[in-house]
Amino acid sequence: WVAPWFSQNWDPTTGCQHTFEEMMVGLAGQSGHKELELSWFDNLKTTWEETRVLDGSPGSHIVVARRSGEDWYVAAMTNNEARTVTIPTDFLKDGQRYTVTIYNDDPTVKTSTKVSVKTVTIKAGKAIRLTLQPSGGAALHLVKTLISKP
C-alpha cells in the first residue's frame with residue numbers, strides 16, 4: 001500500500017514530511033473498503049506538534065514519527081528490499097506505557113489491502129521490531145495507556 005509512492009517520490013530535499021504525506025495519500029486510496037486496517041484514518045490527525053526522523057537512508061528506507069497532542073504516529077517504508085527495522089521509542093514519555101496499533105503489509109492477510117493489524121502494549125524506551133515487505137511499509141499509532149504500571 002506504500003511502495004509505489006515511496007519508490008517514485010523519495011526526495012532528499014523535502015525529506016520526511018513529503019514521505020510521510022505520500023504514505024497517507026497511499027493509504028487514503030484504500031478508503032472505499034471496510035477492512036479493520038482502515039481504522040487508521042479514524043484516528044489520524046492533520047496537524048503535528050513534533051516530527052522526528054528515527055531511521056533511514058535515501059533510496060533505502062525511512063522511519064518517521066509525528067506527534068499530535070499525546071498521540072504518536074510512526075511511518076516506516078522500504079525500497080524494493082525486504083528488511084527488518086527496529087523502531088526506538090525513546091521519544092515517548094519516560095515511565096509511561098503505550099498501546100501501539102501496528103498496521104503492516106502482509107501478503108497472507110485475506111483482505112483487499114493485504115495489511116495486518118496488531119495491538120501491543122509497550123513501555124516507553126522499548127524498541128519495536130518490524131519486518132517490512134519489499135516495496136512496503138508499516139504505520140503505527142501509539143496512545144498513552146491511562147493506567148501506568150510500574
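Residues numbered from 1 in each chain as written. Predicted model: local features only at pLDDT ≥ 70, side-chain atom pairs only at ≥ 80, totals over all residues. Heavy atoms only, no water.

**As for the overall build of the protein chain**
Helix and strand counts for the protein chain stand at three helices and eight strands. For the protein chain, the residues scored as buried account for 43% of the 150 residues in total. Looking at the protein chain alone, contacts between residues at least 24 apart form 65% of all its contacts between residues at least 6 apart. When the accessible surface of the protein chain is summed, it comes to about 7700 Å², and 50% of that surface belongs to carbon and sulfur atoms. (Helix = DSSP H or I, 4+ residues; strand = E, 2+ residues; numbered from the N terminus. Buried < 20%, exposed > 50% of the residue type's maximum accessible area, 1.4 Å probe, protein only. Contact = heavy atoms within 4.5 Å. Areas by Shrake-Rupley, 256 points an atom, 1.4 Å probe, with all protein chains shown as cover.)

**Digging into the packing of aromatic side chains**
Enumeration over the complete set of coordinates arrives at two aromatic pairs. Arranged with centres 5.3 Å apart and planes meeting at 75°, the rings of W48 and Y73 form a pair that is edge-to-face. Residue W48 is located in the loop between α3 (40–43) and β1 (50–57), and its partner Y73 is located in strand β3 (residues 71–78); the two are separated by 25 residues in the primary sequence. (Phe/Tyr/Trp six-rings, centres within 6.5 Å; stacked < 30°, edge-to-face > 60°.)

**Quick word on the sheet that holds strand β8 (residues 137–144)**
Read from one edge to the other, the open sheet built from six strands follows the order β1-β2-β3-β8-β5-β6, with strand pairing classed as antiparallel. The two strands at the open ends of the sheet, each matched to only one other strand, are β1 and β6 (115–123). With strand direction ignored, the average angle separating the axes of adjacent strands in the sheet is 15°. Looking at chain direction, β1 and strand β2 (residues 61–68) are connected through seven bridges and run antiparallel. Within β2, the position partnered with D55 by the bridge is V63. (Pairing = 2+ DSSP bridges. Axes fitted to C-alpha atoms, helices over the stretch in contact; angles between N-to-C directions.)

**A word on the pairing of strand β4 (residues 83–87)**
Covered by surrounding structure in β4 are R83, V85 and I87 only, the residues T84 and T86 on the alternate face being uncovered. In terms of strand pairing, β4 meets strand β7 (residues 128–132) through five bridges, oriented antiparallel. The partner of T86 across the bridge, within β7, is R129.

**Here's the deal with the confidence of the model for the protein chain**
Taken as a whole, the protein chain shows an average pLDDT of 79; of its residues, 69% reach a score of 70 or greater. With pLDDT under 50 throughout, residues 1–18 is counted as low confidence; its partners more than four residues away or in other chains account for 40 contacts. (pLDDT = per-residue confidence, 0-100.)

**Brief notes about the side chain of T78**
Topologically, T78 is positioned in strand β3. At a separation of 3.4 Å, a polar atom in the side chain of T78 contacts the side chain of N79. (Polar contact = N/O pair within 3.5 Å; in protein donor to acceptor, adjacent residues only side chain to side chain.)

**What about the pattern of salt bridges?**
In total, this model carries five salt bridges according to the counting rule given. With a closest N to O distance of 3.5 Å, R67 and E49 form a salt bridge. One end of the pair, R67, is in strand β2; the other, E49, is in the loop between α3 and β1, with 18 residues separating them in the sequence. Under the relative-accessibility criterion, R67 is labelled partly exposed at 21%. You can call E49 partly exposed: its relative accessible area is 48%. Between R67 and E50 there is a salt bridge, with the nearest N and O atoms lying 3.0 Å from each other. Of this pair, R67 sits in strand β2 while E50 sits in strand β1; the two residues are 17 residues apart in sequence, bridging distant segments of the chain. Overlapping salt bridges bring together E49, E50, R52 and R67 as one network. (Salt bridge = Lys/Arg side-chain N within 4 Å of Asp/Glu carboxyl O.)

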